[in-house]
Amino acid sequence: MTLTIYNTLTRSKEIFEPLEPGKVRMYCCGITAYDYCHLGHGRTCIVWDVVRRYLEWRGYQVKYVQNFTDIDDKILKRASAEGTSMAEVSERFIAAYFEDMERLNVRPADSYPRATQTLDGIKRLVYELEQKGYAYASQGDVYYSVGNFADYGKLSGKKLEDLQAGASGRVEVENPESQKKQDPFDFALWKGAKPGEPAWESSWGAGRPGWHIECSAMVREHLGETIDFHMGGGDLIFPHHENEIAQSEAVTGKPLANYWLHNGMVMVEGEKMSKSLGNFVTIRDALKQYNPMAVRLFVLQAQYRKPLDFTSEALVAATNGWKTLKEGLLFGYGRAINNKWEDNSPSPNPRTPPTPLGGGPPPQPIPWRNNFGKRWMRILTLLGV
RNA sequence: GGCGGCAUAGCCAAGUGGUAAGGCAGGGGCCUGCAAAGCCUUUAUCCCCAGUUCGAAUCUGGGUGCCGCCUCCA
């Protein structure tokens, strides 16, 4: 059976062909650790968790990497507001991330690289970009020159001319930061240190990495020059993922990822969730009111690329749905064990049993042998029960 | 304004040429001393217009609407 997926890069559904037979390398752009995770982060993590589980269930050996951005202006801003350090803030919210995701039954990735742990790789990439003529130093910063990368815009379907024309009215000419750039769409690879901010030594002087470069460096370090899946929220397509492609492919000359997958955004009561609208819902706040598995079911009932409206009515519906489903699953679980069903079908491959619902007894091998068992396993797999 | 995506009942969603699955919510009913649970039953012509076809939610063309991105964002 072939697996077909929508690839943002080609704007079409394609048949999945792994780079290496039987193996999948996937990278998901994670969070910037400056606040508690909201429902949008929750959706992203749940959706890609299911893809990962599904691929494993299909028998692929999956390596799943997700990053934490722990160097960033917003983290610094929060640290200075609290009178603490950047590390203190990011540590706290990374810990909170793991708490939230565990409650949502999101399985941990295989590794969680952080920007602060990837400085060597980042500096090497910036250096190589500079050597190849894609980057230039400017007053302590280093910028990527988008005009030198012929494929710039291929992921988001934007042309540099259109971008420049569309932005002509809003590029802040007075901003001293933008005056360091040769082109308004050039972006920072390395930012020179400001007084009192954390900084790392480099050949361009003390400073810190820009946002986009860390992902290019981490993918290269943990998964290789080309990977199968690169995922993230749809709002990352431009500029973040576009810039990652520009950085990585300029250096390696190879595709960064064969398939680019993006999930839809979360709305709240019909409006886009944003801090300015004040309808920003954190995962932990939502879980005070709703069962985590009901939230998970709600997210998974919707098509992953569509916008998802978080309404109390929809959550009540999902809560009821989960209640019914859970009873059925518990019934099936007991029945499978009582009947001593065994897995003797050739495919898909046997797998480790799911974690029991809400704690419960230790997992036992899940036996199944007929269509009922297969379907049931599929439901368990997809829900991540 | 530019680029991209989506459009089936209150919400989610199956369905890829033959007269619209299912779930949740809502209405009606059964059961019960009451309640809960459970059970039964009920709710759409598929955004609009034109075309292709014996026949279209499913194909073609044109509209409309919604969403995202174009600035930090999952």
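Here, the structure is the one placed above.
Residues numbered from 1 in each chain as written. Chains lettered and ligands numbered in written order. Predicted model: local features only at pLDDT ≥ 70, side-chain atom pairs only at ≥ 80, totals over all residues. Heavy atoms only, no water.

> Could you clarify how one ought to interpret the overall build of chain A in this entry?
In terms of helices and strands, chain A carries 12 helices and 13 strands. Among the 385 residues that make up chain A, the fraction classed as buried is 50%. (Helix = DSSP H or I, 4+ residues; strand = E, 2+ residues; numbered from the N terminus. Buried < 20%, exposed > 50% of the residue type's maximum accessible area, 1.4 Å probe, protein only.)

> What should I look at first to understand the protein's contact with RNA strand B in this one?
Around RNA strand B sit 37 residues, and of these Lys-74, Trp-211, Gly-233, Leu-236 and Ala-317 come closest. When the atoms of RNA strand B within 4 Å of the protein are grouped by moiety, sugar and phosphate amount to 82% of the total. With respect to RNA strand B, the backbone of Gly-233 contributes an N or O atom lying 2.4 Å from a sugar or linking oxygen. Between RNA strand B and the protein, one listed contact pairs a phosphate oxygen with a side-chain N or O atom of Asn-320 at 2.8 Å. Of all the secondary-structure elements, those providing two or more residues to the surface near RNA strand B are β3 (23-32), α1 (39-57), α5 (160-167), β9 (227-233) and α11 (312-338). Tallying contributions element by element places α11 first for the surface near RNA strand B, with 4 residues. Across the surface near RNA strand B, the residue classes tally to 12 nonpolar, 15 polar and 10 charged. (Near = heavy atom within 4 Å. Polar contact = N/O pair within 3.5 Å; in protein donor to acceptor, adjacent residues only side chain to side chain. Nonpolar A, V, L, I, M, F, W, Y, C, P; charged D, E, K, R; others polar.)

> Looking at this structure, I do not really get helix α7 (residues 211-222). What am I missing?
Side chains three or four residues apart in an α-helix point the same way, a direct result of the helix having 3.6 residues per turn. Where α7 is concerned, the buried positions are His-212, Ile-213, Glu-214, Cys-215, Ser-216, Ala-217, Met-218 and Val-219. Gly-224 occupies a position one or two residues after α7 and carries a positive phi of about 115°.

> Please explain empty space enclosed by the protein as it appears in this structure.
Using a probe with the size of a water molecule, rolled over the atoms, empty space left in the structure can be pinpointed. Overall, the coordinates contain 3 cavities of 30 Å³ or more when judged by the stated rule. When its volume is computed, the largest cavity comes out at roughly 50 Å³. In terms of lining, the largest cavity is formed by Leu-125, Ser-216, Arg-220, Gly-224, Glu-225, Ser-248, Val-251, Thr-252 and Leu-256. A per-element tally of the lining of the largest cavity places helix α8 (residues 237-252) first, with 3 residues. (1 Å grid on protein atoms, 1.4 Å probe; cavity = no way out; pocket = protein on both sides within 12 Å on 5 of 7 lines; lining within 4 Å. Points joined across faces, edges and corners; volume = space filled by probe spheres on them.)

> Would you explain unusual backbone geometry in this entry?
For residues besides glycine, phi is generally negative; the peptide bonds are generally trans as well. Each neighbour pair has its own omega, and for Phe-238 with Pro-239 the value is 0°, a cis peptide bond. Inspection of the secondary structure assignment puts Pro-239 in helix α8. One non-glycine residue, Asn-105, adopts positive backbone phi at about 65°. With respect to the helices and strands, Asn-105 occurs in the loop between α3 (86-103) and α4 (119-131). Here the phi dihedral of Gln-139 falls at roughly 50°; this positive angle occurs in a residue that is not glycine. Within the element layout of this structure, Gln-139 appears in the loop between β5 (135-138) and β6 (141-144).

> Please clarify how the pairing of β6 should be interpreted in this entry.
Here is the key point about a regular strand: its side chains alternate between the two faces of the sheet. Here β6 shows no split at all, with Asp-141 and Tyr-143 on one side and Val-142 and Tyr-144 on the other all buried. Of the pairings in the sheet, the one linking β5 to β6 comprises 4 bridges and is antiparallel in character. The partner of Tyr-136 across the bridge, within β6, is Tyr-143. Taking the residues between adjacent antiparallel strands as the criterion, β5 and β6 are bridged by 2 residues, where Gln-139 takes a positive phi near 50°. Of the strand pairs in this sheet, β6 and strand β7 (residues 187-192) are connected by 3 bridges, and their pairing is antiparallel. Residue pairing for β7: Tyr-144 is matched across the bridge by Phe-187. (Pairing = 2+ DSSP bridges.)

> For this particular structure, what's the right way to read the packing of α7 against α8?
Helices that pack against each other are described as a pair by the angle of their axes relative to one another and the distance between those axes. Where α7 contacts α8, the axes come no closer than 9 Å and their chain directions differ by 55°. Accordingly, the angle class assigned to the pair α7 and α8 is oblique. Considering only the axes of α7 and α8, their crossing is right-handed. Counting all contacts with α7, which are made through Trp-211, His-212, Ile-213, Cys-215, Ser-216 and Arg-220, the residues of α8 involved are Pro-239, His-240, Asn-243, Glu-244, Gln-247, Ser-248 and Val-251. (Axes fitted to C-alpha atoms, helices over the stretch in contact; angles between N-to-C directions. Parallel < 35°, antiparallel > 145°, perpendicular 65-115°, else oblique. Left-handed = near helix turned anticlockwise from the far one by under 90°. Contact = heavy atoms within 4.5 Å.)

> What should I look at first to understand the state of the cysteines in this one?
Here is the idea: a disulfide is a covalent bond, and it sits between the sulfur atoms of two cysteines. By the definition in use, this model includes 0 disulfides. Of the cysteine sulfurs around Cys-29, a residue in no disulfide, the closest is that of Cys-215, at 3.8 Å. Looking at Cys-37, it has no disulfide partner, and the nearest cysteine sulfur is the one in Cys-45, 6.5 Å off. A relative accessible area of 2% means that Cys-37 is categorised as buried. (Disulfide = S-S within 2.5 Å.)

> Could you clarify how one ought to interpret the layout of surface pockets in this entry?
Taken as a whole, the second largest pocket encloses approximately 630 Å³ of empty space. Forming the walls of the second largest pocket are 22 residues, and the residues nearest its centre are Leu-3, Ile-5, Val-50, Val-51 and Tyr-304. If you list the elements that add at least two residues to the lining of the second largest pocket, you get β1 (4-7), α1, α10 (292-301) and α12 (371-383). Counting residues per element, the lining of the second largest pocket draws most heavily on α1, which supplies 6 residues. Within the lining of the second largest pocket, the residues separate by chemical class into 16 nonpolar, 3 polar and 3 charged.

> Mind showing me how you'd approach the pattern of salt bridges here?
Opposite charge on two side chains allows them to pair when their charged atoms are near. In the structure shown here, the tally under the stated rule is 23 salt bridges. Lys-191 is the partner of Asp-73 in a salt bridge, and the nearest nitrogen-oxygen pair spans 3.6 Å. On the criterion of sequence distance, the pair formed by Asp-73 in helix α2 (residues 73-82) and Lys-191 in strand β7 is long-range, its members being 118 residues apart. The class of Lys-191 is partly exposed, set by a relative accessible area of 25%. The network of salt bridges with shared partners includes Asp-35, Arg-78, Glu-82, Glu-88 and Arg-92. (Salt bridge = Lys/Arg side-chain N within 4 Å of Asp/Glu carboxyl O.)

Note that all results are geometric; they support no functional claim without further evidence.
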